[in-house]
Amino acid sequence: MTPDELSAVRQRLEAFAADVFAPLPRSDQRAKGVTYLRGLLLDGRRKSMQPMAERLGVDHQGLQQFVTTSTWDTTAVRARLARRAVDLVQPVAWVVDDTGFPKDGAGSPGVARQYSGTLGKVGNCQIGVSVHAVTDTASCPLDWRLFLPESWDEAKAGPAAVRAAKARQRKTLTNAPRAAVSAPAGAGAGAGVDADAVVEAARLRRRRCAIPDNEGHRPKWTLVVEMLDALAAQGLQPPLLAADAGYGDTSQFRAALDERGIVYSVQVKGDALAHTADAQPVARVWSGTGRPPASTAPVYLDDTASLAEHITAAGRDAAVTVSWREGSKGTLSSQFVFLRVRPAGHRIPRDPDGSLPQRWLIAEWPDDEPEPVTYWLTSQPAGTIPADLIRYGKIRWRIEHDYRELKTGLGLDHFEGRSWTGWHRHVTLVTAAHLFITMLRLDPKADAPA
């Protein structure tokens with residue numbers, strides 16, 4: 001926004017801020033919150049604290065103290081933002097994903113050489129995991145987590161460094177990418193890694209960034225489940241959850257959603273295994289001699305096949321053309337194959353009769369492609385029409401719109417602090433700025449709720 005544009009909505013911004021910053025205990029903190037939002041909303045190439053303070057004509061040390069050392073908790077502010085976002089957007093789905101924050105040094109919490117979709121390669125970066133409320137025309141973040149690689153976990157840094165060193169020593173194509181991701185800065189390139197030194201380095205990094213003792217390395221999908229549970233505690237439930245294959249390929253993640261009664265539509269790779277829809281389990285038979293089976297659950301006697309094999313067996317002739325929304329260049333449509341299958345896996349919760357649950361398997365197979373280009377598994381009901389199946393499978397495109405606006409317009413990845421608390425406060429404040437802009441966009445003439 002230009003200074004004039006910001007001045008025109010100042011009363012609305014102050015009313016908005018009074019609501020979302022109400023949990024902050026002191027009036028000076030609430031005032032700093034409004035100032036920080038103004039800095040994020042004003043036009044400017046960098047949205048780190050010093051450039052923002054210069055544009056606002058305030059002391060940057062005040063902003064820095066508010067974000068890094070002041071005593072206020074992001075949890076209550078995020079809860080208010082999430083409730084307002086859901087009320088405003090009226091989402092048809094929630095989308096989960098992660099985004100990279102490229103860094104030059106090694107001092108920021110969670111920074112490591114790891115794969116980032118933002119970079120499209122392995123690079124030195126932080127990774128933030130987020131949940132967003134979305135429709136085809138609007139979306140807002142609801143919550144965030146900062147991913148900590150194993151090299152930032154005292155209990156896992158040593159073993160991870162040893163594994164990475166062995167992988168580098170073998171120099172196999174399979175293990176090289178994992179070695180690049182897992183190796184902490186300064187780890188020796190050989191089997192003789194000093195695990196104790198690696199652990200001590202992790203301990204020092206954590207202390208400098210003031211990372212809480214209960215925060216360690218957890219897979220990204222578990223961070224998502226934690227956010228879903230926290231939002232559920234506020235009475236917020238997704239109408240449907242969408243995710244890419246980075247999450248959908250994990251059967252434990254899908255099982256966690258099933259256990260919580262959350263309908264999902266997730267991308268998966270074609271090599272995941274499944275039974276046909278009509279496959280039925282049979283009771284285990286024990287002869288009475290030898291060791292009894294470890295489980296009494298019924299078993300499937302038929303062989304599993306990959307999702308790609310199921311689609312290939314159905315053939316291109318099974319594909320139908322489906323349109324799902326209007327894009328900038330007209331109606332979006334493509335060709336898809338729809339099958340009912342039973343995804344296989346010992347971690348998948350069974351139905352009461354011991355059978356694996358049926359799911360929709362969807363494959364996008366355009367006429368001009370020799371094979372399918374994308375696969376989804378979804379727990380939407382069997383009677384769901386194809387247009388809805390595709391709409392929800394494709395709806396995760398909105399999160400890329402959010403990330404682009406959060407970064408290019410609001411400085412999501414401009415934070416230069418090196419504290420755990422500072423990162424979480426910055427992304428919370430950027431989320432507030434994004435929600436305010438979304439509010440103006442959806443209802444530009446309405447009064448801001450108090």
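Definitions and limits used
- Residues numbered from 1 in each chain as written.
- Predicted model: local features only at pLDDT ≥ 70, side-chain atom pairs only at ≥ 80, totals over all residues.
- Heavy atoms only, no water.
- Helix = DSSP H or I, 4+ residues; strand = E, 2+ residues; numbered from the N terminus.
- Rg over C-alpha atoms; globule rule 2.2 N^0.38 Å.
- Buried < 20%, exposed > 50% of the residue type's maximum accessible area, 1.4 Å probe, protein only.
- Contact = heavy atoms within 4.5 Å.
- Areas by Shrake-Rupley, 256 points an atom, 1.4 Å probe, with all protein chains shown as cover.
- Lys, Arg positive; Asp, Glu negative; His and termini not counted.
- Charge placed at Lys NZ, Arg CZ, Asp CG, Glu CD.
- Axes fitted to C-alpha atoms, helices over the stretch in contact; angles between N-to-C directions.
- Parallel < 35°, antiparallel > 145°, perpendicular 65-115°, else oblique.
- Left-handed = near helix turned anticlockwise from the far one by under 90°.
- Arc of directions from axis to C-beta.
- Polar contact = N/O pair within 3.5 Å; in protein donor to acceptor, adjacent residues only side chain to side chain.
- Patch = residues over 30% accessible without salt bridge, like charges linked within 9 Å, V, L, I, M, F, W, Y side chains within 5 Å.
- Salt bridge = Lys/Arg side-chain N within 4 Å of Asp/Glu carboxyl O.
- Pairing = 2+ DSSP bridges.
- pLDDT = per-residue confidence, 0-100.
- Phe/Tyr/Trp six-rings, centres within 6.5 Å; stacked < 30°, edge-to-face > 60°.
- Lys NZ or Arg CZ within 6 Å of the ring centre and 35° of its normal.

Visitor: Tell me what's going on with the overall build of the protein, and back it up with residues and numbers.
Guide: The helix and strand inventory of the protein stands at 16 helices and twelve strands. Relative to its length of 450 residues, the protein is compact, with a C-alpha radius of gyration of 24 Å against a globular reference of 22 Å. Oriented by its inertia axes, the alpha-carbon framework of the protein measures out at about 80 × 60 × 45 Å. Across the 450 residues in the protein, those meeting the buried criterion constitute 51%. Taking as baseline every contact in the protein between residues at least 6 positions apart, the subset at least 24 positions apart corresponds to 67%. When the accessible area of the protein is evaluated, it comes to approximately 20800 Å², of which 51% is carbon and sulfur surface. Averaging the positions of the 55 positive and the 51 negative side-chain charges in the protein gives two centres separated by 5 Å.

Visitor: Kindly report on the packing of helix α6 (residues 74–89) against helix α16 (residues 420–442), identifying the contributing residues and their values.
Guide: In the contact formed by α6 and α16, the axes pass within 10 Å of each other and the chain directions differ by 20°. Relative to α16, α6 is oriented roughly parallel. Regarding α6 and α16, the two cross each other, and that crossing is left-handed. Together, Thr74, Val77, Arg78, Leu81, Arg84, Ala85 and Leu88 of α6 and His424, Arg425, Val427, Thr428, Thr431, Ala432, Leu435, Thr438, Met439 and Leu442 of α16 make up the contact between the two elements.

Visitor: Residues and numbers for helix α5 (residues 60–68), please.
Guide: Of the positions making up α5, those classed as buried are Gly62, Leu63, Phe66 and Val67. Viewed along the axis of α5, the buried residues span an arc of 125°, placing them on a single side of the element. Its buried side turned inward, α5 meets α3 (27–41), α4 (49–56) and α16. Residue Asp59 occupies the N-cap position of α5, its side-chain oxygen lying 3.0 Å from the main-chain nitrogen of Gln61.

Visitor: Residues and numbers for a negative patch on the surface, please.
Guide: Residues Asp367, Asp368, Glu369 and Glu371 make up a contiguous surface patch of negative charge. You can see Asp368 is positioned in the loop between β11 (359–364) and β12 (374–378).

Visitor: Can you tell me about the pairing of strand β9 (residues 320–327), naming the residues and giving the values?
Guide: Relative to strand β10 (residues 330–343), β9 is paired through seven bridges, and the arrangement is antiparallel. Along β10, the bridge assignment pairs Val322 with Ser334. Counted between consecutive antiparallel strands, the loop separating β9 from β10 contains two residues.

Visitor: Give a description of the confidence of the model for the protein that names residues and reports values.
Guide: In this model, the protein carries a mean pLDDT of 90, and residues with pLDDT of at least 70 account for 93%. For the stretch residues 185–190, pLDDT sits under 50, and the model shows seven contacts to residues farther than four places along the chain or on other chains.

Visitor: Can you tell me about the packing of aromatic side chains, naming the residues and giving the values?
Guide: Within the structure shown, the criterion is met by nine aromatic pairs. Centroid distance Phe66 to Trp72: 5.0 Å. Interplanar angle 15°. Geometry classified as stacked. Note on accessibility: Phe66 and Trp72 belong to one class, buried. With a centroid separation of 5.9 Å and 80° between ring planes, the pair formed by Trp324 and Phe336 is classed as edge-to-face. Here Trp324, found in strand β9, pairs with Phe336, found in strand β10; they are twelve residues apart in sequence, far enough to count as distant. One exposure class covers both Trp324 and Phe336, and it is buried. In textbook terms, an aromatic cluster arises when at least three aromatic residues are bridged by ring pairs, as seen for Trp324, Phe336, Phe338, Trp360 and Trp376. Sitting over the ring of Trp397, Arg325 keeps its end group 4.0 Å from the ring centre. A cation over a ring is seen here: Arg340 above Trp360, with NZ or CZ 5.0 Å from the ring centre.

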